[in-house]
Amino acid sequence: MTDHTQPGVRRAAIIVNPTKFDDVPRVRRLVTEACRRHGWAEPLWLETTAEDTGAGQTREAVEAGVDLVCPLGGDGTVRTVGEILAGSDVPMGLLPGGTGNLLARNLELPVDSLDEALTVALTGQTIRIDTCRLDLVRPTTAQLAARFDDETDPADTVDFSDAVDDRSDPAVRETHTFLVMAGLGFDAEVMAGVPEKLKSKVGWLAYLVSGLRHLKGPQFTVAVKVDDEDPFRRRVRSVMVGNVGRLQGGMELLPAAVADDGSVDAVLLSPDGLVGWAGVLGQLVTRQRIGHSRVDHVQGREVRVVSDKPVELEMDGDTVGSAIAMRIVIEPGNLTVRVPAGSTRHIDALADTAAG
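Residues numbered from 1 in each chain as written. Predicted model: local features only at pLDDT ≥ 70, side-chain atom pairs only at ≥ 80, totals over all residues. Heavy atoms only, no water.

A.B. asks: Looking at this structure, how should I read the sheet that holds strand 2 (residues 44-47)?
C.D. replies: To summarise the sheet geometry, strands pair through backbone hydrogen bonds and adopt either a parallel or an antiparallel arrangement. Pairing within the open sheet is parallel, and its 4 strands lie in the order 2-1-3-4. Of all strands in the sheet, those with a lone pairing partner are strand 2 and strand 4 (95-96), marking the two edges. Along the sheet, helix 2 (residues 55-63) contacts strand 1 (12-16), strand 2 and strand 3 (68-73); its crossing angle with strand 2, the most-contacted strand, is approximately 160 degrees. Against the sheet, helix 3 (residues 75-85) contacts strand 1 and strand 3, and its axis sits at roughly 155 degrees relative to strand 3. (Pairing = 2+ DSSP bridges. Helix = DSSP H or I, 4+ residues; strand = E, 2+ residues; numbered from the N terminus. Contact = heavy atoms within 4.5 Å. Axes fitted to C-alpha atoms, helices over the stretch in contact; angles between N-to-C directions.)

Listed below in structure tokens is the structure:
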């Protein structure tokens, strides 16, 4: 770390996804000017590539001894940078560069102004939030083939390269870190079905278009275990597990989820056709059950989900292929992030959660 007592020596690293911007040099000038205006040195500018989406750049920034690392891209870039910074004392400053910016939204940080976000990152205070560790289990070729051959399941996103037939192979299991949400089923299919060009043109509305296409997809059966409680089974269309719960448009998918409460929240959606989806939407908006329950919420330190067939999986908006099981464990206070100076939002949120 540099000496914070000497003015002008603090330095930030900007991990930028250049595909998110039409004029990258202009963005770089804006960032550099903001750093100088707030008394910081010229930033370390590191661009992601198709081969390295942020992990290597973040390690390079930490090794360079920067005081702050700022991902400037979509939710996937934020997740990748956060995964490397997790467990360290190097803070992350969130800069808006994608269509979702979900972590920033949930922390009530600026998402419509790069300059305002830079001000928070460069002059704000540091807090600690939780991260989520996800362990997934890959399917076999036979399991994928069975789903592919199922006429009731379109399975248009099945990729046989996800299969691992030697169950003793370490590749059967993968470990990842996410900051916002992970999901099996519908939401992962939606993410996989969004054309990048459409997303760049219409933003989050592209997800709505893809969502409408996947509403009639098949359900699957999951066994769910939360902490030391007895497992239960549900027939679902989607299972979403989150560290925070607010989506675009302000919808609270996981109303009890707080980024620094030391717990992970999950919701199981079990709609039956278009009428069922209307009921699910009604429950999510009103937080009241309409008819039989189509929405189940659970909360704990660890959530295990085992599916009866391979299902698409996504983390923070990025699809990661098919899985037959996932285990999510909360890592309390594992990541430091910048929020506005004097902010008590996270303290107030914890108090509201405890009271509610």
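A.B. asks: Explanation requested: the packing of helix 1 (residues 24-37) against helix 5 (residues 114-123) in the structure shown.
C.D. replies: Geometry of a packed helix pair, given as the angle between the helix axes and the separation of the axes. Packing of helix 1 against helix 5 leaves a shortest axis separation of 10 Å and a crossing angle of 40 degrees. The orientation of helix 1 with respect to helix 5, classified from their angle, is oblique. As helix 1 runs across helix 5, the sense of the crossing is right-handed. Contacts between helix 1 and helix 5 pair Val27, Leu30, Val31, Ala34, Cys35 and Arg37 from the former with Leu114, Asp115, Leu118 and Leu122 from the latter. (Parallel < 35°, antiparallel > 145°, perpendicular 65-115°, else oblique. Left-handed = near helix turned anticlockwise from the far one by under 90°.)

A.B. asks: Quick question: what am I supposed to make of the packing of aromatic side chains here?
C.D. replies: Overall, the coordinates contain 1 aromatic pair when judged by the stated rule. Between the aromatic rings of Phe148 and Phe160, the centroid separation amounts to 5.8 Å while the plane-to-plane angle is 65 degrees, which identifies the pairing as edge-to-face. Highlighted residues: Phe148 in helix 6 (residues 141-148) and Phe160 in the loop between helix 6 and strand 6 (173-178), separated in sequence by 12 residues. (Phe/Tyr/Trp six-rings, centres within 6.5 Å; stacked < 30°, edge-to-face > 60°.)

A.B. asks: What should I look at first to understand the side chain of Asn243 in this one?
C.D. replies: Within the secondary structure, Asn243 sits in the loop between strand 10 (238-242) and strand 11 (264-269). By relative accessible area, which is 0% here, Asn243 ends up buried. Polar side-chain contacts of Asn243 include one of 2.9 Å to the backbone oxygen of Asp130. The residues contacting Asn243, other than those within four sequence positions of it, are Asp130, Thr131, Cys132, Phe178, Leu179, Val180, Ala257, Val258, Ala259, Ser263 and Ile330. (Buried < 20%, exposed > 50% of the residue type's maximum accessible area, 1.4 Å probe, protein only. Polar contact = N/O pair within 3.5 Å; in protein donor to acceptor, adjacent residues only side chain to side chain.)

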